[in-house]
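A closer look at the structure
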Number of protein chains: 2
Amino acid sequence: MAVPLILLVSLIAGVISIGMAVFFAFLVMKEDPGNEKMQEVSGYIEKGAETYLKVQYTVLSIFVFILFLVILLFLPSDMTNHKVPVVSGDLNWEQAIAYLIGSAASMIAGWLGMMVGVKANTRAAQGCTVGTKKGFDIAFFGGAVMGLAVVGAALIGVSGLYWIFQSPYVVLGFSFGASTIALFMKCGGGIYTKTADVGADLVGKSEFDLPEDDVRNPATIADNVGDNVGDLAGMGSDLFDSYVASIVAAMILANSLILTAAKETFIVYPLVLSGIGLIASLIGIFIIKLISSDNPGRSLNLGTYLATLIFAALGALIVWLMTLNKSLTEGEISRLWRNYFAVILGLASGIVIGWTSDYFTRDDLPPTRNIAKAAEEGDALVILSGFSYGLISVVPPGVGIIIAMFLAYLLDAQFGVAMAAVGMLAIVGTIVSNDAYGPIVDNSRAIAEQGGLGEETIRIADRLDSAGNTAKAITKGFAIGAANLAVVALMFSYAQEAGIIESGINLLSVNVLIGAFFGVMAPALFSAVLILGVQKNAAKMVDEIRRQFKENPKILTGEEPADFSKTISIATKGSLKQLILPSLISILLPLLVGIFFGVASLGAFLAGSILSGFVFAIFMSNAGGAWDNAKKWIEDGNLGGKGTHTHKSAITGDTVGDPFKDTAGPSINTLLVVMSLTSSIFMGILMLINGGAGLIPIL
Amino acid sequence: MAVPLILLVSLIAGVISIGMAVFFAFLVMKEDPGNEKMQEVSGYIEKGAETYLKVQYTVLSIFVFILFLVILLFLPSDMTNHKVPVVSGDLNWEQAIAYLIGSAASMIAGWLGMMVGVKANTRAAQGCTVGTKKGFDIAFFGGAVMGLAVVGAALIGVSGLYWIFQSPYVVLGFSFGASTIALFMKCGGGIYTKTADVGADLVGKSEFDLPEDDVRNPATIADNVGDNVGDLAGMGSDLFDSYVASIVAAMILANSLILTAAKETFIVYPLVLSGIGLIASLIGIFIIKLISSDNPGRSLNLGTYLATLIFAALGALIVWLMTLNKSLTEGEISRLWRNYFAVILGLASGIVIGWTSDYFTRDDLPPTRNIAKAAEEGDALVILSGFSYGLISVVPPGVGIIIAMFLAYLLDAQFGVAMAAVGMLAIVGTIVSNDAYGPIVDNSRAIAEQGGLGEETIRIADRLDSAGNTAKAITKGFAIGAANLAVVALMFSYAQEAGIIESGINLLSVNVLIGAFFGVMAPALFSAVLILGVQKNAAKMVDEIRRQFKENPKILTGEEPADFSKTISIATKGSLKQLILPSLISILLPLLVGIFFGVASLGAFLAGSILSGFVFAIFMSNAGGAWDNAKKWIEDGNLGGKGTHTHKSAITGDTVGDPFKDTAGPSINTLLVVMSLTSSIFMGILMLINGGAGLIPIL
């Protein structure tokens, strides 16, 4: 079969995107990096980030190489015949190389985005001395580098590999590469950032009453580095991962479900629409730049909505162009349109899910207000209140996903659901850009403070920072919803590969029920292990900060600088060490379920983990966000303001919420994708065990 | 068909049990109720408990009457033909009356147990002046009244109804009655007890530094009443509920799965073994009484283990007697034995699950120790640590349930699983007795304090109290595990009724996936609503206590008594009001899923709720228990002891844990059973909608 030329859309969009990312990087670099003190601070942050990446990437490279060998030697290259390469001699080069490329693409995109991010922070701070717009533009371009690099690399990789090998299963290798990188970057970054943050808060702020970002706090640089490695690099690799996974799931389903002559058209269809989404994102980015005004938060959200509309219009245009193809039957044309609507449906529901997150975390609405008021009754009630609202907040987006899933299924069964997931992630370029803007301006604020840029500039930097939080509220819900729908699509594609679409995954079979049971427990266990990791690491950080203050009293008076390298090293090493258990869970657990109880049980495992993962991810993200904003609302002078008992209780809520919203909650996405892809990739091995029935295939 | 005479075993055991309960009640009543002050305090508690029961039972009666009418008028009496009575004129008298009897039996057992409990407390306190053994015996007999009343009423009800009507579906009505009562009593009691407890702690202890149980604290009586309505009446009705449900599930499965002539034997088999379990429990109770020594905690646990062994022996004996029946084939005899082993398996795994709870909540083992140590770093870390260990603690009992379920399935498919659930609950008489002992001695301690019985007596009362906690650690895990296996059996019996055993519940169908999604969210939503209810109500309580102290300073000096009736009224009314939403969730949600998406989707809903319910129930119970014990360990003088910052943080953990472990966590059991039974009871209606396919039956 010939690959349809329309695939060029995504390939070209990818290339343009990378080009724009490089162009924006240059724009950012030529800006004024500010005074010497600022450059010093920014230099520390940059060095810290580099150290982290170096250590992470070194370990990751070993890990990737081992998995490369596993794929090459032990996984069958032909999905329809499960001959293991070591026996058959038929090495699985294609998938193994795709895996390497996927890993490398994610690493490079993350590295580029992060390195520009840590250079943009001081420049944006300096920009704030000129005005809101100048500061905003620099930070926004800085963030856009990450957004465009991620989407560009993903599209080029997927389109290119499909062009060459013409097999969605080879592209699955690429996706698995992106996924393993995301697992490390997201979890590692999440642990890093909260180790530093919690440590800095507990000792610096609470015990010694230092203000936020005070340079006397030994953990302050680690805290700033953490914003970059967690929110910037971690988030970028996470969305790279979901994005690719949703496209690949749709491609695999098209490959197996669509049996007409136009099959190829449908296989590349998700790629084409993703390419259009990228172009819409690019236009959105320019619009945001044009309309950026004194209300940067509104600009960011407006940009998202505009990108959505542009995508809908351009998408309709391209579908119309595709339908001009004379070889398509009427049924196929209608199918193209139905899936176009599934895509739009996915995108719209992504926005609605974002709104629900916004509702539960906004400080002018009942949930967060009630949490703030509970702080008046002490620490325990603020925790209970946030915990409860967090759990309740799962329902609206849950219903949103259910409706989207249901309607998409009506439109075109499992392929429709996969296309809805593609749609939800179509404007991921905008989403990542807006998200990456956050840590940059967060850092800018710190640098403005530490560089002594004066109250007015700090006030502007503060506004930019809070705009980042406004945008984040929507994009975060978006990211979780999108990942969720993507893994549902992956589950379908898994079932397709396993050949159980017909026989089904019957919950009344005990094997299947057991699989579902393990699946439901997996995200809970995974979250717990991550939070415990943060807690252990933060305790080390607390000890180190106390030690520095005790051994050198001149740090507190500001006469001598704190030893930043020690705290950075604790955060870096700890984040790597605490990663081991979560990564084992996400790769070994599905394999064990599949090996013992068979592929149907593993399907139920995936379904169970998707559902409970959704509950935990939304609960943790929203509870954490609400606690954070309740605290900020009190700090704005409400309910007595700073320094009161109420404020102290709100800080407890925020500290509990930190690893919820920035470590465990958003890492669950990655867990789900990794588990789904592991199941698909290792399918060949699983099929060797009693034809997929597992070692205990009784029932 | 004739009902096998062997059914007499359970009927007679039930009658003996009720007789013993009444006998024990007399034993308790004739003890010395102590001095005037003690009788006054005990009188307050008794009156508070009565007030609560009166209000609850009034509302419950209305609710029960409405449901009685619904069952009578709208539910088909014949499960095989789904004619609705209002149309066919064939009223569903049998099930409706069974429903009434089930409700009444649960209410009467709860009332008897609670009224004896609130009389036993002051008598046990007085007994403590004589010695540990005397105090223990009174409290233990007091608790045994609840245990025996519950099990006796359940067995007489189920056996009697089956004898008369010879239909497991009629008995289902009895189970549904027990279940709706349990929902109200468990949730209402849980909200009541924690409203009072949290209120008393937050103001009395934290703000005014009053010691535990100080009579100047206006919420102290409400707190004591709460122990009775939550831990005594609530827990009793909860286990009544699970117990009956597990038996009925097994009966229904026997009725539909076993097609040989010996069918009747298998239908009554769970009842017979439950009768044997009750006899073993009775013997266990006498042994505990005999061996009760200076170590009451050990006595209680030893009693549990002995009851287990006696049950295994007597059970084997009765099965052997049953196999003497000449009409049984060899296959049937083997089947009886296989299910005997399933029963023993269930019981053993119940104990193992209890041990794992014990591991995660014992103050001399790593998890609780680490949580206590985290308190040194402040409130936030103690919360994060308890939260994480709580989630991790789900895995060992989860694996335990999985193994039990799997092996039971190997022994005799779905019926084997149902029998394992019956086994887990076989010695529920002992479990409830031990559990009911807890609130009695908790109250005794308070009465000894308030009655001025001196240090030595209070020390003895303290020991009895801590023995209650030791026993509770095991029985609580037991209760959750048992309920979980019971609802799995109910799900199978539901599937049987719905006629989807053959077609299955296929997770790849979008309808089914949606059902599972709602199911997984249900326990999270339910828990959140309950905790929020406690939090809102506790805030009212806090305001009231502050008001009393402010308006009448003589309360604090002890010159004038606090106004207990106000705090009791807040707890009572609040617990009823906050019940509305949770009960709507548990009854309407499954019906809506069934009506819209069909019976297969509802099956997945049940499965999803069972799995996530298990995670939330174990997580909350164990996290709450560990926080509680971490605090107590610190209060014993560790890590600086009382009054330190560490202690204060540990108190925050305990206060967060209170509604976790005493309101939401244990109520989830009831939720699961109510939802399962609602689905089964309303099956006739659901089958009318597109033959069970639901309003949106597309896929």
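As shown above, the structure is provided for reference.
All values derive from a computational prediction rather than experimental measurement. (Residues numbered from 1 in each chain as written. Chains lettered and ligands numbered in written order. Predicted model: local features only at pLDDT ≥ 70, side-chain atom pairs only at ≥ 80, totals over all residues. Heavy atoms only, no water.)

On a plain count of helices and strands, chain A comes out with 22 helices and zero strands. Taken against the 2.2 N^0.38 rule, which gives 27 Å for 699 residues, the C-alpha radius of gyration of chain A at 24 Å falls within 12% of a compact globule. Principal-axis analysis of the C-alpha atoms places the extent of chain A at approximately 75 × 55 × 45 Å. The 699 residues of chain A split such that 69% are buried. Within chain A, counting contacts between residues at least 6 apart in sequence, those at least 24 apart form 85% of the total. Accessible surface, chain A as shown: approximately 20600 Å² in total, 65% of it carbon and sulfur. With 41 positive and 54 negative side-chain charges, chain A shows a separation of 1 Å between the mean positions of the two kinds. (Helix = DSSP H or I, 4+ residues; strand = E, 2+ residues; numbered from the N terminus. Rg over C-alpha atoms; globule rule 2.2 N^0.38 Å. Buried < 20%, exposed > 50% of the residue type's maximum accessible area, 1.4 Å probe, protein only. Contact = heavy atoms within 4.5 Å. Areas by Shrake-Rupley, 256 points an atom, 1.4 Å probe, with all protein chains shown as cover. Lys, Arg positive; Asp, Glu negative; His and termini not counted. Charge placed at Lys NZ, Arg CZ, Asp CG, Glu CD.)

Here we come to the interface of chain B and chain A. Taken together, the contact pairs 76 residues of chain B with 76 residues of chain A. Both sides together, the interface formed by chain B and chain A hides about 6700 Å², and carbon and sulfur atoms give 86% of it. Three residues stand out in chain B for area buried against chain A, namely Leu508, Phe517 and Leu611 of chain B, and they jointly supply 12% of the buried area on that side. Run the count over chain B and chain A and you get two salt bridges. A salt bridge links Glu377 of chain A to Arg546 of chain B, with the shortest nitrogen-to-oxygen separation between them at 4.0 Å. Remark: the boundary between chain B and chain A carries four residue pairs in polar contact (both at pLDDT 80 or more). (Buried area = accessible area lost by both parts, 1.4 Å probe. Salt bridge = Lys/Arg side-chain N within 4 Å of Asp/Glu carboxyl O. Polar contact = N/O pair within 3.5 Å; in protein donor to acceptor, adjacent residues only side chain to side chain.)

A few words on the packing of helix 4 (residues 93–130) of chain A against helix 7 (residues 220–257) of chain A. Packed helices, taken two at a time, are described by the angle their axes make and the gap between the axes. Residue and element names in this part refer to chain A. Taken N-terminus to C-terminus, the directions of helix 4 and helix 7 make an angle of 145 degrees; their axes are 9 Å apart at the nearest point. Crossing geometry of helix 4 relative to helix 7 is assigned as right-handed. The residues of helix 7 that touch helix 4, namely those facing Ala105, Ser106, Ala109, Gly113, Met114, Gly117 and Val118, are Asn228, Val229, Leu232, Ala233, Ser237 and Phe240. In the contact of helix 4 with helix 7, the residues fall into eight nonpolar, five polar and no charged. (Axes fitted to C-alpha atoms, helices over the stretch in contact; angles between N-to-C directions. Left-handed = near helix turned anticlockwise from the far one by under 90°. Nonpolar A, V, L, I, M, F, W, Y, C, P; charged D, E, K, R; others polar.)

Let us now look at a nonpolar patch on the surface. A cluster of nonpolar side chains, Ile580, Leu581, Leu584, Leu588, Leu592, Phe596 and Leu695 of chain A, forms an exposed patch at the surface whose accessible area comes to about 640 Å². Among the secondary structure elements, Phe596 of chain A is positioned in helix 19 (residues 580–597). (Patch = residues over 30% accessible without salt bridge, like charges linked within 9 Å, V, L, I, M, F, W, Y side chains within 5 Å.)

Looking now at the relation of the copies chain B and chain A. Laying chain B over chain A is done by rotating through 180 degrees and shifting 0.0 Å along the axis; what remains is an RMSD of 0.0 Å. The transformation relating the two chain copies, once decomposed into turn and shift, fits a two-fold axis. Relative to the rotation axis, the C-alpha of Asn506 of chain B is the closest in chain B, positioned 2.3 Å from it. Take the interface residues of chain B: 100% of them recur as interface residues in chain A, which is what a same-surface contact looks like. (Least-squares fit on C-alpha atoms with pLDDT ≥ 70 in both.)

Time to look at the packing of aromatic side chains. Per the counting criterion, the structure on display carries 55 aromatic pairs over all chains. On the numbers, 5.4 Å between centres and 55 degrees between planes, the contact of Phe136 of chain B with Tyr437 of chain B is tilted. Remark: Tyr437 of chain B occurs in helix 14 (residues 428–450) and Phe136 of chain B occurs in helix 5 (residues 132–165); sequence separation between them is 301 residues. One exposure class covers both Phe136 of chain B and Tyr437 of chain B, and it is buried. Each residue in the set Phe387, Phe619, Trp627 and Phe660 of chain A together with Phe387, Phe619, Trp627 and Phe660 of chain B is aromatic and connected to the rest through ring pairs, giving one cluster. A cation over an aromatic ring shows up here: Arg335 of chain B above the ring of Phe266 of chain B, its NZ or CZ 5.8 Å from the ring centre. (Phe/Tyr/Trp six-rings, centres within 6.5 Å; stacked < 30°, edge-to-face > 60°. Lys NZ or Arg CZ within 6 Å of the ring centre and 35° of its normal.)

Honestly, that's just the spatial picture; any functional story needs more than this.
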